[in-house]
Structures are given as C-alpha cells and as structure tokens.
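This is what each chain is made of:
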Amino acid sequence: MITTDFWTTPLGWTLIHVGQILAVTVGVLISLAFLLLADRKIWAGIQMRKGPNVVGPFGLLQSFADFFKFVFKEIVIPAGADKAVFILAPLLSFVLAFAAWSAMPYGPGWVIANINVGVLYLFAISSLGVYGTIMGGWASNSKYPFLAALRSAAQMVSYEVSIGFVIITVILLTGSKLAMAGHGTSIVDAMNLQAIVTTQGGGIQNWNVFGGDGLRGLPMIVIMVPMAFVFFVSLLAETNRPPFDLMEAESELVAGFQVEYSSTPYLLFMIAEYANIVLMCALLATLFFGGWQAPYSTLGWFQGQPLLAGFHGFLWFFLKTVFFFCMVAIVKGVVPRYRYDQLMRLGWKVFLPTSLVAVAAVAAWRVFGVGA
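Cut-offs applied
Residues numbered from 1 in each chain as written. Predicted model: local features only at pLDDT ≥ 70, side-chain atom pairs only at ≥ 80, totals over all residues. Heavy atoms only, no water. Helix = DSSP H or I, 4+ residues; strand = E, 2+ residues; numbered from the N terminus. Rg over C-alpha atoms; globule rule 2.2 N^0.38 Å. Expected span 1.5 Å × (residues − 1). Buried < 20%, exposed > 50% of the residue type's maximum accessible area, 1.4 Å probe, protein only. pLDDT = per-residue confidence, 0-100. Phe/Tyr/Trp six-rings, centres within 6.5 Å; stacked < 30°, edge-to-face > 60°. Lys NZ or Arg CZ within 6 Å of the ring centre and 35° of its normal. Salt bridge = Lys/Arg side-chain N within 4 Å of Asp/Glu carboxyl O.

(A) Expanded view of the overall build of the protein. Helix and strand counts for the protein stand at 12 helices and zero strands. Listing the helices and strands of the protein from first to last along the sequence gives α-α-α-α-α-α-α-α-α-α-α-α. Expected size for 372 residues packed as a compact globule is a radius of gyration near 21 Å; at 22 Å, the protein falls within 12% of this value. Across its three principal axes, the protein shows a C-alpha extent of roughly 65 × 60 × 40 Å.

Following this line, the structure appears as structure tokens:
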C-alpha cells in the first residue's frame, strides 16, 4: 500500500513528475490533432470550401489518418546526406518544442517546472529551435533546403530580438506590481510565469494588455496594446506562419528545408512546428491577457478547493490559447505573403525601434509616473 510519505521519496517524486510530463505531452499531442484540423477548416471556410470532412464525423479523425499515413510510409534518406544529422534534426526540433511546455502555467499551481526564470527558459528554448532547421537543411545535401534553412535562421533571429524587448515591458510591469505588493523586488521574481499571471488577477482591467494596474494603469494601453500586436506578428514570423512562411513557401521552395524529408522525420518537423505555434499563442495569453486568470474577479470563490480552482483556471487558459490560434489561422487566409526584404525591414526598421521605445516608456512610467 502506497502511503502519503511515499510521494516525498525520490521514487515518488520521480513518478509524480513523469506522470505530469506524460499528461502534458499527450494532452498537447491530442490538442494539436484537433487544432490542425481547425486550421485547415478555417482556411477552407475563408476560401468558401468544406475542407476535411470525410474521415470520421465532420472530419474529426482526419489528423489521425494523416498521422498513420506518415508513420507507415518509407523513410527515404538522400544518398549524399549526412545520415546521422539528417535523422537528429527532426528529433531535436521535436524534443525542444515539447521541452518548452514544462515551464508554462496551465492553472493556479498547475505547472511542471515553476522556475523563477521561466521567461528566460522559454526564450532560450525557442532560440535553440532554429538549430533543428539549420541541421535539417544542411544535412540534406541540397541547395534548396539549405537556402530555406538560411532564410529561417535569419528570420527567427530578427524577430526574436523584438520579442525579447516586448517581453521586457511585461517584466517591468510585473516587477513593479510585485514590489508594491511586497512579494519580491528582483528581476528574477518578475520573470516567473506564475508570478506574471498571478499579478494579472482581479479582473480584465488588471491584464497587462490594459496596463496591468486597474484604472491607474489605463494610460499604458497606448503602449501595451501595440506591444501585444507586435508580439502577435512576431510569433507568426518566429514560427514561419503565413504571411511570413518564406522558408517553406509552396510556390517557391516546395517544402523549404523539409523538401528531402518523408515519413516519420517529416511528421516530427510538422508536430514541432505546430507545437511551437500553440506555445507562442499560450505565451501571448500568459504575458498580456491574464493566462489562466478569468476576466472577472474570483476572489473567495475557490477557498479550500484548489482542484476546482485549477480546472477553472485551465479552462480560461485553454480558451484564450485556442482563440489566438484561430487568429493565427485566419491570418493565413486573409493576408498576402510578404517579400523577404519586406519581412526583414518590418523586423529591423519597425518592430525593433518600436519595442525599444516601449521599454523606455514603460520604465519611465513606473519610475516617474502615476504607477510609481
């Protein structure tokens, strides 16, 4: 018989965390299957066609049919490819895509690794993701995937800079609120994703996109709403989504750096790409739109009921993430593809200086303004 003390032992601790990791991994994979279907259905609706509707009721099993189709196909490796790197590249992308989910807060207390530098951890993992792309393009021993991998590297580096400065504005707001509440004053405390969400509690007026401090923070809307928009556009570029899918534009490069991949390795790249898209949508909801916090005050609702509070928070986190994923899917169907020079100009000449000015403005507001 397993006692309560068992879960405090190293074996018990290991079993708990392995169970949490499996639950998150399986949950994300199942969610990806239906979100991919939603992506295809939304795109089809914009083009006034039905989309997948044959496999299963309303086409709900289409993603699972595609999964088995890829799994049972033959793995073809080009004769001149670096076989070890060729196989390692999709595995690296897949592992990094799911490793990032370990620091994401799904509800009050619902997080695998509640690390203080959660924002820095996610930023580091997303930065490492480009290595899988570069390795896949280089190991294919073909000019087309190699050029697409170089495009991707330049694109991801360009927009990661802007995303970093946008996140700093959120860290400044969080650090200020933590200091006023007496819960911590260091920059490390403000980089904790649970702390970022917790400080946005009490209603929609406390979300960072609206200034994060009720009526006192309303003037910051002129800064934080554009920053949320910059983050949204940057996540499209960071994850190679239309209109910034220049490394895998079908009319130009067939499948980009994946052109020599087939079967399971190609599937791993696709799963990693969609996992990163959903992760960035979840991060947008966490940083700017309250994460698992409801748009209304829940003070005193769940006293002594942590499980119910967790499910309530997870529901709002899930709804917000799905909403932003649907926005990403809609953009795919209504915005024309950018040229590469337009992409780089937007990142370096528009978003970078705009985010720098925003960081200075938020810092000045918190030091000298009403929010001080």
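And the narrative resumes.
(B) Region of the structure containing helix α4 (residues 118–139). Look at α4: 32 Å from first C-alpha to last across 22 residues, which is about the 32 Å you get at 1.5 Å a residue. For α4, the complete set of buried residues consists of G118, V119, L122, I125, G129, V130, G132, T133, M135, G136, G137 and A139. Just downstream of α4, N141 is the residue with a positive phi angle, here 60°.

(C) Spotlight on the confidence of the model for the protein. Confidence in the prediction of the protein, expressed as mean pLDDT, is 83, and 92% of residues score 70 or more. When pLDDT is averaged over each element of the protein, helix α8 (residues 221–238) comes out on top at 91 and helix α9 (residues 250–253) at the bottom at 54.

(D) Spatial organisation of the packing of aromatic side chains. Across all of its chains, the model carries 20 aromatic pairs by this definition. Summarising the aromatic geometry, the rings of F94 and F98 are spaced 4.8 Å apart at their centres and angled 40° between planes, so their arrangement reads as tilted. Of the two residues, F94 and F98 are both situated in helix α3 (residues 83–99); the distance of four residues between them amounts to about one turn of the helix. Chaining the aromatic ring pairs together yields one cluster made of W110, F311, F314 and F318. In this arrangement the basic side chain of K69 is found over the ring face of F70, its NZ or CZ atom lying 5.2 Å from the centre.

(E) Spatial organisation of the pattern of salt bridges. Scanning all chains against the criterion turns up six salt bridges. A salt bridge links D245 to R337, with the shortest nitrogen-to-oxygen separation between them at 2.9 Å. Note that D245 is positioned in the loop between α8 and α9 and R337 in the loop between α11 (306–334) and α12 (340–368), a separation of 92 residues in sequence. Its relative accessible area of 5% is what places D245 among the buried residues. Accessibility expressed as a relative area gives 35% for R337, which makes it partly exposed. Close ionic contact of D341 with R339 constitutes a salt bridge, the shortest N to O distance being 3.0 Å. A relative accessible area of 48% places R339 in the partly exposed class. When salt bridges that share partners are traced, they join D39, R241 and K332 into one network.

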